[in-house]
Amino acid sequence: MMNSRTTSLLIFAFFFLISSSVTTAFHISRILRKYPEFSTYNHYLIKTNLQSQVDRQPNITILAVDNEAISSISKKPMNVIKNILSLHVLHDYYDVEKLVSVLTSKAAIFTTLYQTNNGDPVSLKGFLEASMVNEGEIAFGSATLGSGLNVKLVKPVLSHPDTISVLQITAPIIAPGIGASSPVKVPASDN
């Protein structure tokens, strides 16, 4: 017969093992490695260290851009690429079915990893907007006023219900003010 201390230690060990396996339920870089059409996107997630932030999220949606489409941002500095890609990480699980149900009656605003990292709720720079357009297409864009919804959902890539969803979109989403390097501060002249 076990004493209460031994029982308590066993219960603690059991919950520790369960909680540690839940927090590392997926590795986005390993997942994307299986899809060569996203190799550049995956490379940028690793290079900018966004993959470690993504891996720590309990439930998440990745809006992935294929190699051809992501080439449009390849000449930008790495800090700008990180900002752009952090807009492509939604804080919640959305597969196509859930997106359609959310967007059936109206457009919706989604919180992104950019918002978590940079927090600017006034400008909506860290939020994405999505809506149903045309004949049932899903379109995305920056939630910043006047940005437009010019990026379309191509297809679902991978889905682990309530954990991670990877959706392919047509192009990178670049919010106003994110696509440029931070301005260099010039000291004021003494004149």
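The residue numbering used here restarts from 1 in each chain and proceeds along that chain's sequence as written. Side-chain atom pairs in this predicted model are given and counted only at pLDDT of 80 or more, local residue features only at pLDDT of at least 70, and totals for whole chains, interfaces and linings cover all residues. Side-chain numbers come from the whole structure's heavy atoms, not from hydrogens or water.

If you check an unreviewed UniProt entry, the chain appears there as FAS1 domain-containing protein from Lithocarpus litseifolius. UniProt positions are given in the numbering used here, feature names are shortened, and annotations may be inferred rather than shown by experiment. One UniProt comment on the chain, placed under Sequence similarities (unreviewed entry), says "Belongs to the fasciclin-like AGP family."

Novice: So what exactly am I meant to see when it comes to the overall build of the chain here?
Specialist: A helix here means a DSSP run of H or I that spans at least four residues, while a strand means a run of E at least two residues long, and both kinds are numbered starting from the N terminus. What the chain contains, in helices and strands, is eight helices and seven strands. For every residue, the accessible area (1.4 Å probe, protein chains only) is compared with the maximum for its type, and the residue is labelled buried under 20%, exposed over 50%, or partly exposed between those bounds. By residue count, 38% of the 191 residues in the chain fall in the buried class. Restricting the contact set of the chain to residue pairs at least 6 apart, pairs at least 24 apart contribute 59%. Approximately 10900 Å² of the chain is accessible, and the part contributed by carbon and sulfur atoms is 57%. Note on definitions: a residue-residue contact is assigned when non-hydrogen atoms from the two residues lie within 4.5 Å. All accessible areas in this document rest on Shrake-Rupley with a 1.4 Å probe, and a residue is counted as covered only by the protein chains that are shown.

Novice: What exactly am I supposed to notice about the sheet that holds strand β4 (residues 127–133) here?
Specialist: Strand pairing in a sheet relies on backbone hydrogen bonds, with the paired strands running either antiparallel or parallel. Pairs of strands are assigned from DSSP output, requiring at least two bridges between the strands. What the seven strands build is an open sheet, ordered β2-β1-β7-β6-β5-β4-β3; its pairing is mixed. Single-partner strands in this sheet number two, and they are β2 (89–90) and β3 (108–111). Alignment of β3 against β4, held across four bridges, turns out to be antiparallel. Bridge pairing in β4 places Ile109 opposite Glu129.

Novice: So what exactly am I meant to see when it comes to unusual backbone geometry here?
Specialist: Most peptide bonds adopt trans geometry, and most residues besides glycine take a negative phi value. Within the chain, Asn134 stands out as a residue other than glycine whose phi angle is a positive 50°. Tracing the sequence through the fold places Asn134 in the loop between β4 and β5 (137–142). Although it is not a glycine, Asp162 adopts a positive phi angle of roughly 65°. Tracing the sequence through the fold places Asp162 in the loop between β6 (151–160) and β7 (164–169). Residue class for Asp162 comes out exposed when judged on its relative accessible area of 57%.

Novice: Any chance you could explain the pattern of salt bridges here in plain terms?
Specialist: For this analysis, a salt bridge means a side-chain nitrogen from Lys or Arg found within 4 Å of a carboxyl oxygen belonging to Asp or Glu. Applying the stated rule across the entire model yields one salt bridge. Notably, a salt bridge pairs Asp92 with Lys98, separated by 3.7 Å at the nearest N-O pair. On the basis of relative accessibility, which here comes to 22%, the residue Asp92 falls in the partly exposed class.

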